[in-house]
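# Descriptive structure summary
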Amino acid sequence: MTRFSVNDRPVEYRMDPGTPLLWALRDASNLTGTKYGCGTGDCGACTVDIDGEAIRSCMVTIAECEGRFVTTIEALSRDRSHPVQQAWVAEQVPQCGFCQSGMIMAAAALLRKNSNPSDAEIDAAMTNICRCGTYPRIRGAIRRAGRVLRGEERLAAAPPPGIRPADAALAVPALKAPPAD
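Values in this document were obtained by computation on a predicted structure and should not be read as measured data.

So, about the packing of helix α3 (residues 83–90) against helix α6 (residues 135–149). Two elements in contact, α3 and α6, have axes whose closest approach is 8 Å; the angle formed by their N-to-C orientations is 135 degrees. Compared by their axis directions, α3 and α6 come out oblique. Like other packed secondary-structure pairs, α3 and α6 cross with a definite hand, here right-handed. Facing P83, V84, A87, W88 and A90 of α3, the residues of α6 in contact are I138, A141, I142, R144, A145, V148 and L149. Across the contact of α3 with α6, the residue classes tally to eleven nonpolar, no polar and one charged.

Here it is in structure tokens:
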């Protein structure tokens, strides 16, 4: 039996201790925001926060998490108010969205340590792969989130979770249907 905390809640997995954390999160805990991309630690789609570090969850077993604290995208901010999530929306980073949770978790870990990273520090920390190629927007979102964390900028909130897609579209001017003629 393996015990640790996931999203500030104690969990006990009755699974093979060699099970990758990714599969325990997705299959046993139904936390599907953490994505499976490559299974080899290369793409970063499965990045979670373990004790304050951005870690590829496909590369760590649940046994290695014993007694540790794991945070997934679902608990970064339940109302999408985290500065990285806000900046991601403001900078229009998402395209297909597949890599986004891992990217956001890696960016949040970076900014927790350094709210004003250089381009070189961003590049070193953000080794996740975005197949859509939104790297310039990712860098811009990280810079913007840093300004928010430093109190130099404020961002309008994204629609909270639980909102119907039709209602979310009404809350975002760019998604509103054009007026009927």
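A few words on the packing of helix α4 (residues 100–113) against α6. Relative to each other, α4 and α6 sit at 40 degrees, their axes nearing to 11 Å. One way to sum up the angle between α4 and α6 is to call them oblique. Once α4 is placed against α6, the crossing between them reads as right-handed. Taken together, the residues of α6 that come into contact with α4 (itself represented by M103, A107, L110 and L111) are Y135, I138, I142, A145, G146 and L149. Looking at the contact of α4 with α6 residue by residue, the class counts come to nine nonpolar, one polar and no charged.

What the rule picks out here adds up to two aromatic pairs. With 5.4 Å between their ring centres and 45 degrees between their planes, F4 and Y13 make a pair best called tilted. Classification of F4 by relative accessible area gives buried; the value is 3%. On the basis of relative accessible area, Y13 is assigned to the buried category, the value being 4%. The interplanar angle of 35 degrees and the centroid separation of 5.2 Å between the aromatic rings of W23 and Y36 together place this pair among those described as tilted. Of this pair, W23 sits in helix α1 (residues 21–28) while Y36 is found in the loop between α1 and β3 (47–50), placing the two residues 13 residues apart along the sequence. Taking the relative accessible area as the measure of exposure, Y36 reaches 38% and is therefore partly exposed.

Moving on, we get to the sheet that holds strand β2 (residues 9–13). With respect to topology, five strands assemble into an open sheet ordered β2-β1-β5-β3-β4, the strand pairing being mixed. The sheet is open, and its two borders are formed by β2 and β4 (53–56), each paired with just one other strand. Across the sheet, the mean angle separating the axes of adjacent strands is 40 degrees when strand polarity is ignored. Bridging between β3 and β4 involves four bridges; their strand directions are antiparallel. Directly across from D49, in β4, lies its bridge partner A54. The strands that α4 touches are β3, β4 and β5 (69–71); relative to β3, the one it contacts most, it runs at about 35 degrees.

Basis of the calculations
Residues numbered from 1 in each chain as written. Predicted model: local features only at pLDDT ≥ 70, side-chain atom pairs only at ≥ 80, totals over all residues. Heavy atoms only, no water. Axes fitted to C-alpha atoms, helices over the stretch in contact; angles between N-to-C directions. Helix = DSSP H or I, 4+ residues; strand = E, 2+ residues; numbered from the N terminus. Parallel < 35°, antiparallel > 145°, perpendicular 65-115°, else oblique. Left-handed = near helix turned anticlockwise from the far one by under 90°. Contact = heavy atoms within 4.5 Å. Nonpolar A, V, L, I, M, F, W, Y, C, P; charged D, E, K, R; others polar. Phe/Tyr/Trp six-rings, centres within 6.5 Å; stacked < 30°, edge-to-face > 60°. Buried < 20%, exposed > 50% of the residue type's maximum accessible area, 1.4 Å probe, protein only. Pairing = 2+ DSSP bridges.

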